[in-house]
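# What the coordinates show
Residues per chain are reported as follows:
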Amino acid sequence: MRTMLLTDLTEIFRVRTEKLIDNYITNSGIFPAELKKSLGYSVLNGGKRVRPLLVFAAGLALGGKLENLDAPAVAIELIHSYSLVHDDLPAMDNADLRRGKPSCHTVFGAALAILAGDGLQTLAFQILAEHPCDLSAEQRLQMVQILSAASGISGMVAGQALDILGKVDNLNDLTQLQQLKTGALLTASVKLGMAGANQWDAGLINFADNIGLAFQIQDDLLDLESDTETLGKPQGIDAINKKITYPQLLGAAKSRQKILELTQTALASLQHLGENGALLRAVAEYLLQRKC
Ligand code: IPE
Ligand code: IPE
Ligand code: MG
Ligand code: MG
Ligand code: MG
């Protein structure tokens, strides 16, 4: 019964996020039309919306107001979607499928895909600054700090640079790379939720750090073991691109074990929240059994 309720809740947050994004993109005056299409194509395309879910789950766990979590939930999904559009470009991973459809650059060309990514990124910060709700100026500034640090040169962009430079050859450096390229945005999701609730909780950061690393190890495992249709992106592309991954360095069995250990550590960090941590726990459990 409780599991059903939590599943329904996570679905409600997905729908809520998508409605908000739809309003900012589909129902907006963005022009030229090709740019607007490329933006909608890149973000209203069936992502799992894990990062917005974490924003809502963290913010609500600390007593935050739902309306004050909308802007950061949307902003982080826009940043994440931009990172995927650029990640797929021929100059990066050269992937022609994303979320089950041809990648943005395959449909609109590389130039428009670069611009769509740029547009999604800047829109994220505009929304943090402007979205109508009763977030204070201090809270908005804190959100801008969290999101810019996690997505930029001290976070995702640095991780992506390490990834494409291809020099990493050991587990320690790979862990750092994955924490930067993927973990940083997942931890930022929880921090944004906390900023929305105006509460700080170190346990939640520990939760997100562990979930964040587990997330990328699982992404690498799925790339190795799943299939293109289930993933909605090209299976086996890490080997084609000669990427160093956890399964490659540790083997699949130890990688699976590592994901379990990280998730257990993450869940243990929520104990002090009691029932208030139920939604965060549900997200962690969902991530553990995800197939794409
Ligand atoms: C894929 O992220 C890229 C990584 C950081 C591993 P997701 O698995 O969250 O992708 P979507 O948003 O559901 O498509
Ligand atoms: C990408 O990692 C992480 C980003 C910052 C976009 P991957 O290159 O493994 O992500 P997928 O597998 O293409 O989604
Ligand atoms: Mg990549
Ligand atoms: Mg990729
Ligand atoms: Mg991958």
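See the structure printed just above.
Here we summarise the structure given alongside this text. Predicted model only: the values in this text are computed from it and were never measured.

The rules behind each value
- Residues numbered from 1 in each chain as written.
- Chains lettered and ligands numbered in written order.
- Predicted model: local features only at pLDDT ≥ 70, side-chain atom pairs only at ≥ 80, totals over all residues.
- Heavy atoms only, no water.
- Helix = DSSP H or I, 4+ residues; strand = E, 2+ residues; numbered from the N terminus.
- Rg over C-alpha atoms; globule rule 2.2 N^0.38 Å.
- Contact = heavy atoms within 4.5 Å.
- Areas by Shrake-Rupley, 256 points an atom, 1.4 Å probe, with all protein chains shown as cover.
- Lys, Arg positive; Asp, Glu negative; His and termini not counted.
- Charge placed at Lys NZ, Arg CZ, Asp CG, Glu CD.
- Donors = N, O, S within 2.8 Å, 3.2 Å for Na, K, Ca; no water.
- Buried < 20%, exposed > 50% of the residue type's maximum accessible area, 1.4 Å probe, protein only.
- Salt bridge = Lys/Arg side-chain N within 4 Å of Asp/Glu carboxyl O.
- Near = heavy atom within 4 Å.
- Polar contact = N/O pair within 3.5 Å; in protein donor to acceptor, adjacent residues only side chain to side chain.

## With respect to the overall build of the chain
- In terms of helices and strands, the chain carries 15 helices and 2 strands.
- Here the C-alpha atoms of the chain give a radius of gyration of 18 Å, agreeing with the 19 Å that 2.2 N^0.38 yields for 292 residues.
- Viewed in the frame of its principal axes, the chain has a C-alpha envelope of about 50 × 45 × 35 Å.
- Of all intrachain contacts in the chain linking residues separated by at least 6 positions in sequence, the fraction that spans at least 24 positions is 70%.
- By element, 57% of the accessible surface of the chain is carried by carbon and sulfur atoms, the whole surface being about 13000 Å².
- Where the 26 positive side-chain charges of the chain centre and where its 31 negative ones centre are 1 Å apart.

## Let's talk about the coordination of the magnesium ion (ligand 4)
- Looking at the metal site, the magnesium ion (ligand 4) is ligated by Asp87 (OD) and Asp93 (OD), spaced 2.1 Å from it.
- Among the residues examined, Asp87 registers a relative accessible area of 13% and is labelled buried.

## As for the pattern of salt bridges
- Counted according to the given criterion, the structure contains 13 salt bridges.
- Measuring nitrogen to oxygen at the nearest pair gives 2.7 Å for the salt bridge that ties Asp219 to Lys233. Separated by 14 residues along the polypeptide, Asp219 in helix α10 (residues 202–225) and Lys233 in the loop between α11 (228–231) and α12 (237–240) bring together distant segments of the chain.
- Relative accessible area serves as the criterion here: at 24%, Lys233 is assigned to the partly exposed category.
- A single network of salt bridges, built from pairs that share partners, joins Glu18, Arg49, Glu77 and Arg99.

## Considerations on the site of ligand 2
- As a matter of local geometry, ligand 2 sits amid Ser83, Leu84, Asp87, Asp93, Arg98, Met156, Gln160, Lys181, Thr182, Gln216, Asp219 and Lys233.
- At 2.7 Å, a side-chain N or O of Asp93 approaches an oxygen atom of ligand 2.
- Arg98 places a polar side-chain atom, nitrogen or oxygen, 2.8 Å from an oxygen atom of ligand 2.
- If ligand 2 stood free it would expose 390 Å²; the protein chains cover 90% of that surface.

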